[in-house]
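# Residue-level structural notes
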Amino acid sequence: GAVVSQHPSWVICKSGTSVKIECRSLDFQATTMFWYRQFPKQSLMLMATSNEGSKATYEQGVEKDKFLINHASLTLSTLTVTSAHPEDSSFYICSARDQGRGYTGELFFGEGSRLTVL
Amino acid sequence: QKEVEQDPGPLSVPEGAIVSLNCTYSNSAFQYFMWYRQYSRKGPELLMYTYSSGNKEDGRFTAQVDKSSKYISLFIRDSQPSDSATYLCAMWGGGSNYKLTFGKGTLLTVNP
């Protein structure tokens, strides 16, 4: 149980284009999902908290117009990197909390999406 | 001082060794403590989850939390080459935001 699926796992795009990454909770419902960014040999950096049916909450320094987050259902959140540039190249990982497990801090992570912007 | 400190390593041990991984933290509000394992180019996988102080064992893995010292540990017994990965500690203080604070991760290599 508690499986989070992320798609695509790897994407290459041209500078100036937009890329959408999907995050799905496969066997549980998630009112809250989180999007992280990870640079090589670095820890996870929280970008934003995605809330089902409402606007995402962005961390300080994260451009909300560049990283569009939509959480339209209890099992799906999407991250769209708009007008991507080479400096946006990174490993993007989503995570979700299984609300059925009650009041815990456990988060379950997707496999990650590696974005390369040429 | 960072909220969570974790020695990034790298740590290299022979197969069968006992591995000790540690994190220290400064925020006394943290109550929930987790260890994640991350293989290269993959998402983190939850290994151990502990609430408050004490020990928790799961197979070859033991997690310890000492809240008085603000120190948590993960022990791996009889380490295997398949344990080679980055191990991240994570903590949460409770509340409604569910935002975890992560350590930088320790890169572990178990040599056959």
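Residues numbered from 1 in each chain as written. Chains lettered and ligands numbered in written order. Predicted model: local features only at pLDDT ≥ 70, side-chain atom pairs only at ≥ 80, totals over all residues. Heavy atoms only, no water.

This next bit is on the overall build of chain A. The number of helices and strands found in chain A is zero helices and eleven strands. Taken from N to C terminus, the helices and strands of chain A fall in the order β-β-β-β-β-β-β-β-β-β-β. Since a compact globule built from 118 residues should have a radius of gyration of about 13 Å, the 14 Å found for chain A is in line with a globular shape. By its C-alpha atoms, chain A is 40 × 25 × 20 Å across when sized along the principal axes. Considering chain A as a whole, with its 118 residues, one finds that 53% of them fall into the buried category. Total accessible area computed for chain A in this model is approximately 5,700 Å², and 52% of it derives from carbon and sulfur atoms. Averaging the positions of the 11 positive and the 11 negative side-chain charges in chain A gives two centres separated by 4 Å. (Helix = DSSP H or I, 4+ residues; strand = E, 2+ residues; numbered from the N terminus. Rg over C-alpha atoms; globule rule 2.2 N^0.38 Å. Buried < 20%, exposed > 50% of the residue type's maximum accessible area, 1.4 Å probe, protein only. Areas by Shrake-Rupley, 256 points an atom, 1.4 Å probe, with all protein chains shown as cover. Lys, Arg positive; Asp, Glu negative; His and termini not counted. Charge placed at Lys NZ, Arg CZ, Asp CG, Glu CD.)

How two aromatic rings sit relative to each other is given by the distance of their centres and the angle of their planes. Tallying each qualifying case throughout the model produces twelve aromatic pairs over all chains. Between Tyr-25 of chain B and Phe-33 of chain B the ring centres are 5.3 Å apart and the planes differ by 45°, which places this aromatic pair in the tilted class. Of the two residues, Tyr-25 of chain B and Phe-33 of chain B, neither departs from the other in class, the shared state being buried. An aromatic cluster is built from Tyr-36 and Phe-109 of chain A together with Tyr-36 and Phe-102 of chain B, whose rings are joined through pairwise contacts. (Phe/Tyr/Trp six-rings, centres within 6.5 Å; stacked < 30°, edge-to-face > 60°.)

Here the focus is the environment of Ala-72 of chain A. Residues and elements named next belong to chain A. Tracing the backbone shows Ala-72 in strand S7 (residues 67-73). Here Ala-72 falls in the exposed class, since its relative accessible area comes to 60%. Each C-alpha atom, one on Ala-72 and one on Glu-111, is 21 Å from the other, the two residues being 39 residues apart in sequence.

All names here are of chain A. Here four strands make up an open sheet; going across it, the order is S1-S3-S8-S7 and the pairing antiparallel. Two strands in the sheet have a free side with no partner beyond their single neighbour: strand S1 (4-7) and S7. The average angle at which neighbouring strand axes cross in this sheet is 15°, direction not considered. Judged from the five bridges that link them, S7 and strand S8 (residues 76-81) form a sheet pairing that is antiparallel. The residue of S8 that forms the bridge with Asn-70 is Thr-78. (Pairing = 2+ DSSP bridges. Axes fitted to C-alpha atoms, helices over the stretch in contact; angles between N-to-C directions.)

Residue and element names in this part refer to chain A. The biggest cluster of nonpolar side chains holds 26 residues, and the ones touching the most others in it are Val-4, Trp-35, Phe-67, Leu-79, Tyr-92 and Leu-115. Elements with a minimum of two residues in this core: strand S2 (10-13), strand S3 (19-25), strand S4 (32-38), strand S5 (44-51), S7, S8, strand S9 (90-96) and strand S11 (113-117). Leaving out residues up to four positions away in the same chain, Leu-115 has contacts with Val-11, Cys-13, Val-19, Val-81, Asp-88, Ser-89, Ser-90 and Tyr-92. (Core = buried A, V, L, I, M, F, W, Y, C linked by side-chain atoms within 4.5 Å. Contact = heavy atoms within 4.5 Å.)

Residues and elements named next belong to chain B. Summed over all chains, the structure comprises seven salt bridges over all chains. In this structure, the salt-bridge partner of Glu-45 is Arg-37, at a minimum N-O distance of 3.0 Å. On the basis of relative accessible area, Glu-45 is assigned to the partly exposed category, the value being 36%. Salt-bridge contacts for Arg-77 lead to Glu-57; the nearest nitrogen and oxygen are separated by 3.4 Å. Of this pair, Arg-77 sits in the loop between strand S8 (71-76) and strand S9 (85-92) while Glu-57 sits in strand S6 (residues 54-58), and the two are 20 residues apart along the sequence. (Salt bridge = Lys/Arg side-chain N within 4 Å of Asp/Glu carboxyl O.)

This brings us to the interface of chain B and chain A. At the junction of the two partners, chain B supplies 21 residues and chain A supplies 23 residues. For the pairing of chain B and chain A, the buried interface totals around 1,800 Å² over both sides, and the portion due to carbon and sulfur atoms is 58%. When the buried area of chain B at its contact with chain A is split by residue, Tyr-98, Lys-99 and Phe-102 of chain B rank highest and sum to 30% of it. At the boundary of chain B and chain A, one finds two salt bridges. (Buried area = accessible area lost by both parts, 1.4 Å probe.)

Turning our attention to the side chain of Gln-38 of chain B. Relative to the helices and strands, Gln-38 of chain B is located in strand S4 (residues 32-38). At 2.7 Å, the side chain of Gln-38 of chain B and the backbone oxygen of Lys-42 of chain B are in polar contact. Setting aside residues no more than four positions away along its own chain, Gln-38 of chain B makes contact with Gln-38, Phe-91 and Ile-93 of chain A together with Gly-43, Pro-44, Ala-85, Thr-86 and Leu-88 of chain B. (Polar contact = N/O pair within 3.5 Å; in protein donor to acceptor, adjacent residues only side chain to side chain.)

All names here are of chain B. Alternating positions in strand S11 (residues 106-111) separate cleanly, Thr-106, Leu-108 and Val-110 being buried on one face and Leu-107, Thr-109 and Asn-111 remaining unburied on the opposite face. Bridge count between strand S2 (residues 11-14) and S11: four bridges; the pairing is parallel. Following the sheet pairing, Val-13 is matched in S11 by Val-110. Direction of pairing for S9 relative to S11: antiparallel, over a ladder of three bridges. Residue pairing in the sheet places Ala-85 in a bridge with Leu-108 of S11.

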